[in-house]
Amino acid sequence: MFTGIVEEVGTIKQITRGTHSAVLTIEAKLVLDDLKIGDSVAVNGICLTATACSPQGFTADVMHETLNRSALAGLRQGSRINLERAMPANGRFGGHIVSGHVDGVGKILQITRDDTAAWYSIQTAPSILRYIVEKGSITIDGISLTVASTSADSFSISAIPHTIAVTTLSERHIGDSVNLETDIIGKYVEKLLFPAAAEKTETKLTKDFLSRYGFLV
């Protein structure tokens, strides 16, 4: 599990592409401190496993499913990436619950700046937007951010200068693709309230039940 608080920005040193997969060689510093083979690292918000470690960085395998559902396929040698190690049990929970399992990709529609921050407008599919709510949490390329507003086909976030400076947000442009992970709690709530037809006989947790016992107003 991660929190969406980026620890450092690393660099893609090499990409070895297979027919349906890839191996990333990533240059880093801070996340190498206690990194071991088999440990999880969020790379632009995607949970990857370290398969080799060196004093200069680490390698990670990327499977077919990950390439299809994320913006990792667009990475090139020299691309800069957000990195975060898995949260330790005794660590501070600075962001929100982030699984590192990306829901899909969004496209930056607009970037506007004001006195203290920058606004990013991001277009994405209805299947992802349904879980994005105003003032809720969203993970963009591994960065925990707060949703400022939503529309029929997009949402907006406002990022403070510090977040922009220490992540790859400073390098994003209109038209760029970004990885999105919505708040996992909403997905579980939906699953419980609206189970698949085959599962309806196996659960008694319905909207009527929740309302009757005071969980819904």
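Being a predicted model, the structure only gives us computed values, none of them experimental.

1. Some words on the environment of G78
- By the secondary structure assignment, G78 is in the loop between α1 (64-69) and β6 (80-85).
- You can call G78 partly exposed: its relative accessible area is 46%.
- Ignoring anything within four residues of it in the chain, the contact list for G78 reads T11 and I12.

2. Notes on the pairing of strand β10 (residues 143-150)
- As paired elements, strand β9 (residues 137-140) and β10 share four bridges and run antiparallel to each other. Along β10, the bridge assignment pairs I140 with I143.
- Between β9 and β10, which pair antiparallel and follow one another directly, the connecting turn spans two residues, one of which, D141, has a positive phi of 50°.
- Here β10 pairs with strand β11 (residues 154-159) via three bridges, running antiparallel.

3. A word on empty space enclosed by the protein
- Applying the stated criterion to the full structure yields one cavity of 30 Å³ or more.
- Its volume calculated, the largest cavity comes out at about 40 Å³.
- Taken together, I15, R17, A22, L24, V62, L67, L72 and L75 make up the lining of the largest cavity.
- Secondary-structure elements contributing two or more residues to the lining of the largest cavity are β1 (8-17) and β2 (22-27).
- In the lining of the largest cavity, the residues fall into seven nonpolar, no polar and one charged.

4. Digging into the pairing of strand β4 (residues 46-53)
- As paired strands, strand β3 (residues 40-43) and β4 are joined by four bridges and run antiparallel to one another. Note on β4: the bridge partner recorded for S40 is T49.
- The turn joining β3 and β4, which pair antiparallel and follow one another in sequence, is formed by two residues; a positive phi near 50° is taken by N44.
- Looking at chain direction, β4 and strand β5 (residues 57-62) are connected through three bridges and run antiparallel. Looking at β5, one finds that C53 is bridged to F58.

Definitions and limits used
Residues numbered from 1 in each chain as written. Predicted model: local features only at pLDDT ≥ 70, side-chain atom pairs only at ≥ 80, totals over all residues. Heavy atoms only, no water. Helix = DSSP H or I, 4+ residues; strand = E, 2+ residues; numbered from the N terminus. Buried < 20%, exposed > 50% of the residue type's maximum accessible area, 1.4 Å probe, protein only. Contact = heavy atoms within 4.5 Å. Pairing = 2+ DSSP bridges. 1 Å grid on protein atoms, 1.4 Å probe; cavity = no way out; pocket = protein on both sides within 12 Å on 5 of 7 lines; lining within 4 Å. Points joined across faces, edges and corners; volume = space filled by probe spheres on them. Nonpolar A, V, L, I, M, F, W, Y, C, P; charged D, E, K, R; others polar.

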